[in-house]
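# A look at the structure
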Amino acid sequence: MYAIVFREELAPKIKLFKIEAPEVARKARPGQFIILRIDEEGERIPLTIADYDTNAGTITLIFQEVGKTTELLGELREGDSILDFVGPLGCPSEIENFGTVVCVGGGVGVAPVYPIARALKEAGNRVVSIIGARTRDMLIWENEMRQISSELYVATDDGTAGRKGFVTDVLVDVLARKKVDKVVAIGPVVMMQAVCRVTPETVPVTVSLNPIMVDGTGMCGACRVEVGDATRFACVDGPEFDGHQVNWELVLQRSRMFVEEERLAMQSFHRKGGCKCQK
């Protein structure tokens, strides 16, 4: 069992957990993810690592409650435990001195961008960070991102924080004013697709894909994505890929495969009174 040693609500429906998992923390690197299962009857879900502390032996996760399992997870408290916690999985981010790197995080995508941006800054890069959310109340880790960035820009859809508009609006301005050597983008699929659309092909764009996963070890094939002319598995070949080469239409199509089943699962869950997990 893996204990929750710290819990914080960052925004409505967005939670931060620190999980005691010394062996995972010892091996974790920026860009990797874990797969957890709450209990014997739970499904396995992937979550990207937001931070790790090798001395404390903890992994930090940030997630948004969007379905049955994340709602169940969000009901857990400090002192509760998670049954399965597998990782670190996936390939670590490529960290070297590229020059000027723009790190773009949308919504809860700000969380996995954070350790990548921090590592890039430590490697000598000039890190320009752009973070965004629908509204100020949904904006997370602004101060944390500011501390590890050379420059930080904020955008919200409604203009309640930073610039009114999308992270891509800010990115267009940055690309027009600066020589950018690399872009890293993590967030909703449509946001990452838009980042790739506004970034010239001459500027590499790294995106982190989180498609449907089952085993997380490359055996089931559920997380397949098309990159260039090849089929790749996000769990073992990724989760990071060249955004200019990703077949975004296929990513969107596969992400919507079980929308109806997810809706029915949520309805059944709420009809039965919601969470019956440990308190």
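Every chain is numbered on its own, with residues counted from 1 as its sequence reads. Totals for whole chains, interfaces and linings use all residues, but because this is a predicted model, local features are given only for residues with pLDDT of at least 70 and pairs of side-chain atoms are given and counted only at 80 or more. Only hydrogens and water are set aside; all other atoms, that is, all heavy atoms of the structure, feed into the side-chain values.

### Details of the pattern of salt bridges
By salt bridge we mean one thing: a side-chain nitrogen of Lys or Arg within 4 Å of a carboxyl oxygen of Asp or Glu. Throughout the structure, instances matching the rule amount to 12 salt bridges. Two residues, Arg232 and Asp237, come together in a salt bridge whose shortest N-O distance is 3.6 Å. For Asp237, a relative accessible area of 31% gives the class partly exposed. Where salt bridges share partners, they join Lys13, Lys15, Glu65 and Glu71 into one cluster. When a residue's accessible area, from a 1.4 Å probe over protein chains only, is under 20% of the maximum for its type it is buried; when over 50% it is exposed; and in between it is partly exposed.

### Considering the sheet that holds strand S9 (residues 100-106)
Read from one edge to the other, the open sheet built from 7 strands follows the order S12-S11-S10-S9-S13-S14-S17, with strand pairing classed as mixed. Sheet topology places strand S12 (163-164) and strand S17 (240-242) at the edges, where each strand pairs with a single neighbour. DSSP-based pairing: two strands are paired if at least 2 bridges between them are found. Helix numbering and strand numbering both begin at the N terminus, where a helix is a DSSP run of H or I of at least 4 residues and a strand a DSSP run of E of at least 2. With 3 bridges joining them, strand S13 (residues 182-186) and strand S14 (residues 205-208) adopt parallel strand pairing. Bridge assignment links Ala185 to a residue of S14, and that residue is Val207. With respect to the sheet, helix H5 (residues 167-177) is in contact with S9, strand S10 (126-133), strand S11 (151-156) and S12, its orientation differing from that of S10 by roughly 155 degrees. Working rule for contacts: check all heavy atoms of both residues, and any pair within 4.5 Å makes them a contact. Helix axes are fitted only over the stretch in contact, all axes being lines through C-alpha atoms; the angle between N-to-C directions runs from 0 to 180 degrees.

### Quick word on the environment of Lys18
Its location among the elements puts Lys18 in strand S2 (residues 14-20). Note on Lys18: relative accessible area 34%, which makes it partly exposed. Separated by 219 residues in sequence, Lys18 and Asp237 have C-alpha atoms that sit 27 Å apart. Setting aside residues up to four positions removed in sequence, Lys18 forms contacts with Ala3, Ile4, Val5, Phe6, Ile59 and Thr60.

### So, the sheet that holds strand S6 (residues 58-64)
Taken in spatial order, the 5 strands of this open sheet run S5-S6-S2-S1-S7, and their pairing is antiparallel. Only two strands of the sheet have a single partner each, and these edge strands are strand S5 (51-53) and strand S7 (81-82). Examined bridge by bridge, S2 and S6 share 7 bridges and lie antiparallel to one another. Looking at the pairing, Phe17 lines up with Leu61 of S6. Each of strand S1 (2-11), S2, S6 and S7 is contacted by helix H2 (residues 68-75), which is oriented at about 125 degrees to S6, the strand it contacts most.

### Brief notes about helix H8 (residues 248-255)
Looking only at H8, the buried set comprises Trp248, Val251, Leu252 and Arg254. Contacts made by the buried residues of H8 are with helix H6 (189-198), S14 and strand S15 (224-227). Sitting at the head of H8, Asn247 places a side-chain oxygen 3.3 Å from the backbone nitrogen of Glu249. Here a polar contact is taken to be a pair of N or O atoms separated by no more than 3.5 Å, where protein atoms must pair a possible hydrogen donor with a possible acceptor and residues adjacent in sequence count only if both atoms sit in side chains.

### A short note on the side chain of Lys182
Looking at where Lys182 falls in the secondary structure, it is placed in strand S13. Note on charges: Lys and Arg go in the positive column, Asp and Glu in the negative column, and His and the chain ends are not counted at all. For the buried Lys182, no salt bridge exists, and the shortest N-O distance to an oppositely charged side chain is 4.7 Å, to Glu94. Here the side chain of Lys182 touches Thr206 through a polar contact of 2.8 Å, side chain to side chain. Beyond its immediate stretch of four places on either side in the chain, Lys182 contacts Phe98, Thr100, Val101, Val102, Val203, Pro204 and Thr206.

### What to know about the nonpolar core
It is characteristic of soluble globular proteins that their nonpolar side chains tend to be buried jointly. Buried Ala, Val, Leu, Ile, Met, Phe, Trp, Tyr and Cys residues form a nonpolar core when they are joined through side-chain atoms within 4.5 Å. If you look at the biggest cluster of nonpolar residues, it comprises 34 residues, and the most contacted ones within it are Val102, Val104, Val207 and Leu209. The element best represented in this core is H5, accounting for 5 residues. Beyond its immediate stretch of four places on either side in the chain, Val102 contacts Val128, Ile130, Leu171, Val174, Val180, Lys182, Val183 and Val184. By size, the runner-up hydrophobic cluster in this structure holds 28 residues, among which are Val101, Leu120, Val184 and Ile186.

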